[in-house]
Amino acid sequence: FPSHDIKKIHIQSTSFCNARCKCCHKSHTDQYSMPDEYWFKFLDEIKKLKIPPMIQFGILDEPLCDITLIEKIKQVKLWGVDDVVILTNSSLLDDKAVNSLIDAGVTHFIFSLLSPLKNEFTALTGLNFETVVGNINNAIGVCNKRGIWYLVSASVYNESRKKFVFELFPQNTRIGLSIQDNRSGLTRWAKSPNFRDNCPCIKSYVKYNLNVDGSFDYYYDGSSRLVNIMDANLCDIFEMQKNLGRL
């Protein structure tokens, strides 16, 4: 099998999310987990790869709503995946949950925060602001103690709001800011001053998604292709991308 250089695959293991974000086009009215046949076919494909990719759980869903998440993490670790990322809105990430995820094999957390302002956050997501911020701060403490990489991924609409994010998370925190420029409408990425490392889980690569309905899509330069995981040969897909100079 080809020795590819794929870095990360995103997994949508459930259709459910407990947030109701106004910026999300998903309704989350149909609540179901990925059927076993899709998941085990994906594991079979991963097993064929010489260089296991980083696996991120979370695509327009809340992975902690998936009751099979812990088992899925253990399974990808069993098949040789070293790095497992959880992208979460943190509303369900209590102390028991964060420790259970780390024990299962999670190596990276990305905590998403759509706004550092309470009223705005609640209006955008429908979630409890104090619960989310409290869970993130607790999880940061656990990650610091257990040597787990994390990132607070926060959205702000202008430079002046950065201070609110830093005030919410006073620990030695990696904060990535998505800053909206009100004049140009463009979004740019910034890091907190003490954010020194360059983790592959936040680098921009060709994007691969395994969706809850079994579809496997991959993006490059704004274009996309879609196959069903039951018909997919990931080695062929990755090798094709590599030959095109995209990996």
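Cut-offs used in this document
Residues numbered from 1 in each chain as written. Predicted model: local features only at pLDDT ≥ 70, side-chain atom pairs only at ≥ 80, totals over all residues. Heavy atoms only, no water. Helix = DSSP H or I, 4+ residues; strand = E, 2+ residues; numbered from the N terminus. Buried < 20%, exposed > 50% of the residue type's maximum accessible area, 1.4 Å probe, protein only. Areas by Shrake-Rupley, 256 points an atom, 1.4 Å probe, with all protein chains shown as cover. Core = buried A, V, L, I, M, F, W, Y, C linked by side-chain atoms within 4.5 Å. Contact = heavy atoms within 4.5 Å. Disulfide = S-S within 2.5 Å. Polar contact = N/O pair within 3.5 Å; in protein donor to acceptor, adjacent residues only side chain to side chain. Axes fitted to C-alpha atoms, helices over the stretch in contact; angles between N-to-C directions. Parallel < 35°, antiparallel > 145°, perpendicular 65-115°, else oblique. Left-handed = near helix turned anticlockwise from the far one by under 90°. Nonpolar A, V, L, I, M, F, W, Y, C, P; charged D, E, K, R; others polar. Salt bridge = Lys/Arg side-chain N within 4 Å of Asp/Glu carboxyl O. Right-handed = clockwise from strand over helix to strand, strands pointing away. Pairing = 2+ DSSP bridges. Arc of directions from axis to C-beta.

Caption draft 1: Examining the overall build of the protein chain more closely. Looking only at helices and strands, one finds seven helices and ten strands in the protein chain. Here the protein chain, with 247 residues, has 48% of them falling under the buried criterion. Working note: accessible area of the protein chain is about 11900 Å², and carbon and sulfur atoms make up 50% of it.

Caption draft 2: Main features of the nonpolar core. Formed by 61 residues in total, the largest nonpolar core has its most connected members in Ile9, Phe42, Phe109 and Phe216. It is helix H5 (residues 129–146) that contributes the most residues to this core, eight residues altogether. Apart from residues lying up to four places away in sequence, Phe109 is in contact with Ile86, Leu93, Val98, Leu101, Ile102, Cys143, Ile148, Trp149, Tyr150 and Leu151. Counting five residues, the second largest nonpolar core, distinct from the first, contains Val85, Ile110, Trp149 and Leu151.

Caption draft 3: Looking closely at the state of the cysteines. Overall, the coordinates contain zero disulfides when judged by the stated rule. Just so you know, Cys17 is unpaired, no disulfide at all, and the nearest cysteine sulfur is the one on Cys21, 6.0 Å from it. Looking at Cys65, it has no disulfide partner, and the nearest cysteine sulfur is the one in Cys17, 6.1 Å off.

Caption draft 4: Structural view of the side chain of Asp217. With respect to the helices and strands, the residue Asp217 is situated in strand S9 (residues 215–220). A relative accessible area of 8% places Asp217 in the buried class. In this structure, Asp217 is in contact with Lys207, Tyr208, Asn209, Asn211, Arg225 and Leu226, ignoring residues within four places of it in sequence.

Caption draft 5: View of the side chain of Ser115. On the secondary structure map, Ser115 appears in the loop between strand S4 (108–113) and helix H4 (118–125). Under the relative-accessibility criterion, Ser115 is labelled buried at 0%. A polar contact is formed between the side chain of Ser115 and the side chain of Glu120, at a distance of 2.6 Å. Those residues in contact with Ser115 that sit more than four places away from it in its chain are Glu120, Phe121, Leu124, Phe129, Ser155 and Arg161.

Caption draft 6: Looking closely at the packing of helix H1 (residues 36–47) against helix H2 (residues 69–78). Where H1 meets H2, the closest approach of the two axes is 10 Å, and the angle between their N-to-C directions is 20°. For the element pair H1 / H2, the angle class is roughly parallel. In this structure, H1 meets H2 at a crossing whose hand is right-handed. Taken together, the residues of H2 that come into contact with H1 (itself represented by Trp39, Phe40 and Leu43) are Lys72, Gln75 and Val76. Here the residues of the contact of H1 with H2 sort into four nonpolar, one polar and one charged.

Caption draft 7: Quick peek at the pattern of salt bridges. Counted according to the given criterion, the structure contains six salt bridges. The partner of Lys47 in a salt bridge is Asp44, and the shortest N-O contact between them spans 4.0 Å. Of this pair, Lys47 and Asp44 are both found in helix H1, three residues apart, which corresponds to roughly one turn of the helix. Residue classification places Lys47 among the partly exposed residues on the basis of a relative accessible area of 45%.

Caption draft 8: Just the pairing of S4, in detail. For S4, the buried fraction is high: five of the six residues fall into the buried class. Chirality of the crossover, the property in question, places the unit of strand S3 (residues 84–88), helix H3 (residues 95–104) and S4 among those that are right-handed. Pairing analysis gives six bridges linking S4 to strand S5 (residues 149–156), with the strands arranged parallel. Its bridge partner being in S5, His108 is matched across the sheet by Trp149.

Caption draft 9: Structural detail: H2. Those residues of H2 that sit buried are Leu69, Lys72, Ile73, Gln75 and Val76. Summarising the axial view, the buried residues of H2 lie within an arc of 160°, below the 170-degree limit, and thus occupy one face. Looking at the buried residues of H2, the elements they touch are H1, strand S2 (54–57), S3 and H3.

Caption draft 10: Unusual backbone geometry, seen in detail. Positioned with a positive phi, Leu60 is a non-glycine residue whose angle comes to about 50°. Considering the arrangement of structural elements, one finds Leu60 in the loop between S2 and H2. You will see that Ser90, though not glycine, has its phi angle at about 75°, which is positive. In this fold, Ser90 is placed in the loop between S3 and H3.

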